[in-house]
Amino acid sequence: MQRITFSFLSRILLFCLAFSTCLAKQPPWVMRISCGARLNVHTAPTNTLWFKDFAYTGGIPANATLPSYISPPLKTLRYFPLSSGPNNCYNINNVPSGHYAVRVFFGLDGHPNFDNEPLFDISVEGTQIYSLKSGWTNQDDQVFTEALVFLNDGTVSLCFHSTGHGDPAILSIEILQVDDRAYYFGPAWGHGIILRTAARLSCGNGKPKFDVDYSGDHWGGDRFWSPIKTFGQGSDLATSTESGIKMASNAPNFYPEALYQTALVSTDTQPELAYTMDVDPNRNYSIWLHFAEIDSSVTTAGKRVFDILINGDVAFEEVDVVKMSGDRYTALVLNTTVAVNGRALTISLHPKEGSHAIINAIEVFEIVAAESKTLLEEVRALQSLKSALGLPLRFGWNGDPCVPQQHPWNGADCLYDKTSSKWFIDGLGLDNQGLRGFLPNDISRLLHLQSINLSDNSIHGAIPPSIGSIAGLVVLDLSYNLFNGSIPESLGQLTSLRRLNLNGNSLSGRVPAALGGRLLHGTSFKYVAISGALKYLLALNGIHAITCLCGIPGLPTCGPHLSAGAKIGVAFGASVGFLLMVICSMCWWKRRQNILRAQKIAARGAPYAKARTHLSHDIQLTRHYNHGNARTAAENGPILLS
């Protein structure tokens, strides 16, 4: 029984160990997008899956021309014409929280009307990470940009910002999960830091390779390694080995073993190794140097010792690769952070013991402080405003309104709040933009607004009463639109208001008394401005409608205010009165017809008519009388004529 129990427990333990191992080796989260593709794509030789480009962004799909042989072999891209706005973004949801390598490859559109080398800026999560430079199509390591970034809210936003030099064109996007502590460089490292890849070199190698080409661990992020055969003609020699390398593919960076199987070694004529690269000035850089003693002539510690200088300053003294790594053919990684004021970064290796220095690989990252984002509630309010006002695409209201600071939204003014470490919107300037929508209640969610200028548009509907809850509002200019109805009483709550322009609209009714009181204290108001009259003409679709305001000093006195029921009663009474008028008019008309008919009958008794009647009567009587005489004459005999 004891043996059975022990055997059973052993199996459970082995199962648990195997299960935990499987969990530890679960693959990282990966998303690869073939921009412009309508179907999922698999590319050779690794059969890599690229998802179709669907519902992530705007822009226009097109056939792609690959600028470099290291670009993914994809046939489509997506470009963003300036007419669709200066800021265009890919918004990808359902991304697990974690640490990611985000990589974007650029493409070229072969259409003759397009700039064959567009220049534009790229931002990740509101932080600008890269600006394409002229000539990038001729540099293999410039056909893409890559950054390490923490994603914590389930989404990632990648934006492309036009700079007026052609339309941004994107070939592919990769979001590759890496270890949470990948490239930890010290106390300053963390969620507020982005590492942009400035250079990644495989020394002594003649071919560009990705981690996948090296059969590297997927948790390494499938990095791209540019080959560099020499730092300078005749200054070094390439060397390589087929021996295995220990301590290479370890957490958290998981470097491929093959990375350490090639190296550059200095020569007798040039004992010092030196590599120089161009960088952006006044930035901090994290530098990672890779070593493995693969030279068969160096057998023990102390045979090769050198100092490492960066821009002339000693970063590491007396580096002994065999001693520090623990053995030959064993990986050693050194990291340091430096501030660079100029435009060049030089890494130098000075031999101290032995005549030659050695290096296997170099990584350089620009340390970028992640931008603070705009308050989410205010971003949503602006998106609602964008929809309600029918904002044209040319405004490019995509991504974050305030960051990157180099590319804020047109018409939105931003202010940084140090207390919350967030940006908020303190001004809207959308005057004279041909807007034809309506003003939504959601504008009240922009609680930090101090100025609203929507004048000279065609915005219709009522002024939303919710504006009265924006306590800090100083300027409200809604003039020369199609607003109708009355001025909301809530505007009287705006105690900070100093300028209110409502002229050029179809407003009517009582002006809030609180606004009138503030008018006496120097606040500037404009309701109407036609010869001092309150009534003004509003041309609307060719019809001139008269509207008026009343109720404050300088305006006519308003009539008694009626309740809604009273207004309905008045309308009903007016309708009944109108109906009675119609009935009375009909009765009058019929009475008039009867009078006319009677007059016609009475006309028969006029003198002329009577004369004719008497004449006829006399003739009849005469005829009757003569007829009697004729009979008498006949009886008496013939009449004698003379």
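Residues numbered from 1 in each chain as written. Predicted model: local features only at pLDDT ≥ 70, side-chain atom pairs only at ≥ 80, totals over all residues. Heavy atoms only, no water.

In the annotation of an unreviewed UniProt entry, the entry for the protein reads Malectin-like domain-containing protein, and the organism field reads Populus deltoides. Comment text from UniProt for the protein, heading Subcellular location (unreviewed entry), reads "Membrane". (UniProt positions renumbered as here; feature names shortened; annotations may be inferred.)

A word on the overall build of the protein
For the protein, the helix and strand inventory stands at six helices and 38 strands. Per-residue burial over the protein gives 44% buried out of 642 residues. Here the contacts in the protein between residues at least 6 apart in sequence split such that 69% fall between residues at least 24 apart. Working note: accessible area of the protein is about 33600 Å², and carbon and sulfur atoms make up 56% of it. (Helix = DSSP H or I, 4+ residues; strand = E, 2+ residues; numbered from the N terminus. Buried < 20%, exposed > 50% of the residue type's maximum accessible area, 1.4 Å probe, protein only. Contact = heavy atoms within 4.5 Å. Areas by Shrake-Rupley, 256 points an atom, 1.4 Å probe, with all protein chains shown as cover.)

Structural notes on the environment of K246
By secondary structure assignment, the location of K246 is in the loop between β16 (236-240) and β17 (262-266). C-alpha of K246 to C-alpha of Y260: the two residues are 14 residues apart in sequence and 9.5 Å apart in space. Those residues in contact with K246 that sit more than four places away from it in its chain are D327, R328, Y329, T330 and A331.

Observations regarding the environment of L382
Summarising the element assignment, L382 is placed in helix α3 (residues 376-389). In sequence terms L382 and W397 are 15 residues apart; their C-alpha atoms lie 8.7 Å from each other.

Structural notes on the sheet that holds strand β18 (residues 273-278)
Remark on secondary structure: sheet strands pair via backbone hydrogen bonds, oriented parallel or antiparallel. Taken together, the four strands give an open sheet; going across it, the order is β18-β23-β20-β21, and neighbouring strands pair in antiparallel fashion. Among the strands making up the open sheet, the edge pair consists of β18 and β21 (313-319). Recorded for the sheet is a direction-independent mean angle of 15 degrees between the axes of neighbouring strands. In this structure, strand β20 (residues 305-310) lies alongside β21, joined through four bridges in antiparallel fashion. Within β21, the residue paired with L309 across the bridge is V314. (Pairing = 2+ DSSP bridges. Axes fitted to C-alpha atoms, helices over the stretch in contact; angles between N-to-C directions.)

Observations concerning the nonpolar core
Judged by nonpolar contacts, the single largest core of 60 residues is most densely connected at F291, I308 and I362. Excluding anything up to four places from it in sequence, F291 contacts Y260, F306, I308, V321, T330, A331, L332, L334, L349, I358, I359 and N360. Residues W50, L132, W136 and V156 belong to the second largest nonpolar core, which totals 41 residues. (Core = buried A, V, L, I, M, F, W, Y, C linked by side-chain atoms within 4.5 Å.)

Digging into the packing of aromatic side chains
Under the defined criterion, the tally for this structure stands at 21 aromatic pairs. For the ring pair F231 and Y275, a centre distance of 5.4 Å and an interplane angle of 40 degrees mean the geometry is tilted. Remark: Y275 occurs in strand β18 and F231 occurs in the loop between β15 (224-228) and β16; sequence separation between them is 44 residues. Residue F231 is classed as buried on the basis of its relative accessible area of 18%. A cation over an aromatic ring shows up here: R32 above the ring of W50, its NZ or CZ 6.0 Å from the ring centre. A cation over an aromatic ring shows up here: R200 above the ring of W225, its NZ or CZ 5.4 Å from the ring centre. (Phe/Tyr/Trp six-rings, centres within 6.5 Å; stacked < 30°, edge-to-face > 60°. Lys NZ or Arg CZ within 6 Å of the ring centre and 35° of its normal.)

Concerning the sheet that holds strand β24 (residues 358-359)
With antiparallel pairing, three strands are arranged side by side in an open sheet as β16-β17-β24. A single partner strand is all that each edge strand has here, and the edge strands are β16 and β24. In this sheet, β24 lies alongside β17 in antiparallel orientation, the contact comprising two bridges. If you follow L264 over to β24, its bridge partner there is I359.

Regarding the pattern of salt bridges
Summed over all chains, the structure comprises 22 salt bridges. Between K373 and D153 there is a salt bridge whose closest N-O contact spans 3.8 Å. Separated by 220 residues along the polypeptide, K373 in the loop between β25 (361-369) and α3 and D153 in the loop between β10 (144-151) and β11 (155-165) bring together distant segments of the chain. The partly exposed category is assigned to D153, whose relative accessible area is 47%. Salt-bridge contacts for R499 lead to D477; the nearest nitrogen and oxygen are separated by 4.0 Å. A residue pair is termed long-range when its members are at least 10 positions apart, and R499 in strand β32 (residues 499-501) and D477 in strand β30 (residues 475-477) qualify at 22 residues. Relative accessible area serves as the criterion here: at 8%, D477 is assigned to the buried category. Three or more residues are tied together by salt bridges with common partners; here these are R32, R103, E146, E174, R200, D222 and E363. (Salt bridge = Lys/Arg side-chain N within 4 Å of Asp/Glu carboxyl O.)

Digging into the side chain of S266
Considering the arrangement of structural elements, one finds S266 in strand β17. Overall, S266 belongs to the buried group, its relative accessible area being 2%. In this structure the side chain of S266 is engaged in a polar contact, spanning 2.7 Å, whose partner is the backbone oxygen of P271. A distance of 2.7 Å separates a polar side-chain atom of S266 from the backbone nitrogen of A357. Filtering out sequence-adjacent residues up to four positions away, S266 remains in contact with S235, D236, P271, E272, L273, S355, H356 and A357. (Polar contact = N/O pair within 3.5 Å; in protein donor to acceptor, adjacent residues only side chain to side chain.)

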